[in-house]
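# Secondary and tertiary structure notes
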Amino acid sequence: MAIVASSSPITVTINGTVYEREVEARKLLIHFIRDDVDLTGSHIGCDTGNCGACSVIVNGTLVKSCMLLAVQADGATIETVEGLAEGEQLTTLQQAFSDHHALQCGYCTPGMLMSATALLRANPSPTDEEIKKGLQGNICRCTGYWNIFEAVKAASE
């Protein structure tokens, strides 16, 4: 007997563009963003919500897109790392990451940028502890976090 996966139509707005797609009920949002919409800036790290590489902003809230089904995002407004800058002009935060050498391999960078963006929108002048708390859901295996912390701190000033 063949097992048939059910699918549903969804409509989402990602970085200002509306996408309408038919998706399997079990498809994770990260796979929808990368595979169906071809926005590959958000990374797949752990598929368990631990690393933060897939972090995006959904309806103004930071979420780990490996922990959300695409059908749950129906009607949502989603921001990915591709939507941060306008054209070739980096945001203050992106420039701070570059200036402070806040990346090495770059795998965690999209999630770190999205987490820091959400933090700075909610609190434009966070304390050191608030910055640490705002980034705590992201794992970086290369930088030791200090330069990332310094970049977020610089962007907030």
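Okay, so let's go over this structure.

The rules we used
- Residues numbered from 1 in each chain as written.
- Predicted model: local features only at pLDDT ≥ 70, side-chain atom pairs only at ≥ 80, totals over all residues.
- Heavy atoms only, no water.
- Helix = DSSP H or I, 4+ residues; strand = E, 2+ residues; numbered from the N terminus.
- Rg over C-alpha atoms; globule rule 2.2 N^0.38 Å.
- Buried < 20%, exposed > 50% of the residue type's maximum accessible area, 1.4 Å probe, protein only.
- Contact = heavy atoms within 4.5 Å.
- Areas by Shrake-Rupley, 256 points an atom, 1.4 Å probe, with all protein chains shown as cover.
- Lys, Arg positive; Asp, Glu negative; His and termini not counted.
- Charge placed at Lys NZ, Arg CZ, Asp CG, Glu CD.
- Phe/Tyr/Trp six-rings, centres within 6.5 Å; stacked < 30°, edge-to-face > 60°.
- Lys NZ or Arg CZ within 6 Å of the ring centre and 35° of its normal.
- Pairing = 2+ DSSP bridges.
- Axes fitted to C-alpha atoms, helices over the stretch in contact; angles between N-to-C directions.
- Parallel < 35°, antiparallel > 145°, perpendicular 65-115°, else oblique.
- Left-handed = near helix turned anticlockwise from the far one by under 90°.
- Nonpolar A, V, L, I, M, F, W, Y, C, P; charged D, E, K, R; others polar.
- Salt bridge = Lys/Arg side-chain N within 4 Å of Asp/Glu carboxyl O.

### Here we look at the overall build of the chain
Along the backbone of the chain there are 5 helices and 5 strands. For 157 residues, the compact-globule formula gives about 15 Å, and the C-alpha radius of gyration of the chain, at 16 Å, lands near that figure. Along the first, second and third principal axes, the C-alpha set of the chain runs to 55 × 30 × 25 Å. A buried classification covers 41% of the 157 residues belonging to the chain. Of all intrachain contacts in the chain linking residues separated by at least 6 positions in sequence, the fraction that spans at least 24 positions is 56%. Accessible area of the chain: about 8,400 Å², with a carbon and sulfur share of 50%. Averaged over its 10 positive side-chain charges, the chain has a centre that lies 7 Å from the centre of its 18 negative ones.

### Side note on the packing of aromatic side chains
Scanning all chains against the criterion turns up 1 aromatic pair. Across from the ring centre of Phe149, 5.9 Å away, lies the NZ or CZ of Lys132, which sits over that ring.

### So, the pairing of strand β1 (residues 7–14)
Pairing analysis gives 8 bridges linking β1 to strand β2 (residues 17–24), with the strands arranged antiparallel. For Ile10, the partnering residue across the bridge sits in β2 and is Arg21. The hairpin turn running from β1 into β2, its antiparallel successor, is 2 residues long, and Asn15 in that turn takes a positive phi close to 50°. Here β1 pairs with strand β5 (residues 77–79) via 2 bridges, running parallel. Following the sheet pairing, Thr13 is matched in β5 by Thr77.

### As for the packing of helix α3 (residues 109–122) against helix α4 (residues 128–135)
At a minimum axis separation of 9 Å, α3 and α4 run at an interaxial angle of 135°. Classed by the angle they form, the pair α3 and α4 counts as oblique. Crossing angle aside, the handedness with which α3 passes α4 is right-handed. On α4, the residues touching Met112, Ser115, Ala116 and Leu119 of α3 are Glu130, Ile131, Gly134 and Leu135. Tallied by class, the residues present in the contact of α3 with α4 amount to 5 nonpolar, 2 polar and 1 charged.

### Details of the pattern of salt bridges
Applying the stated criterion across every chain yields a total of 5 salt bridges. A salt bridge links Asp36 to Lys27; the nearest nitrogen and oxygen atoms lie 2.7 Å apart. With a relative accessible area of 23%, Asp36 lands in the partly exposed category. According to the relative accessible area criterion, Lys27 is partly exposed, its value standing at 22%.

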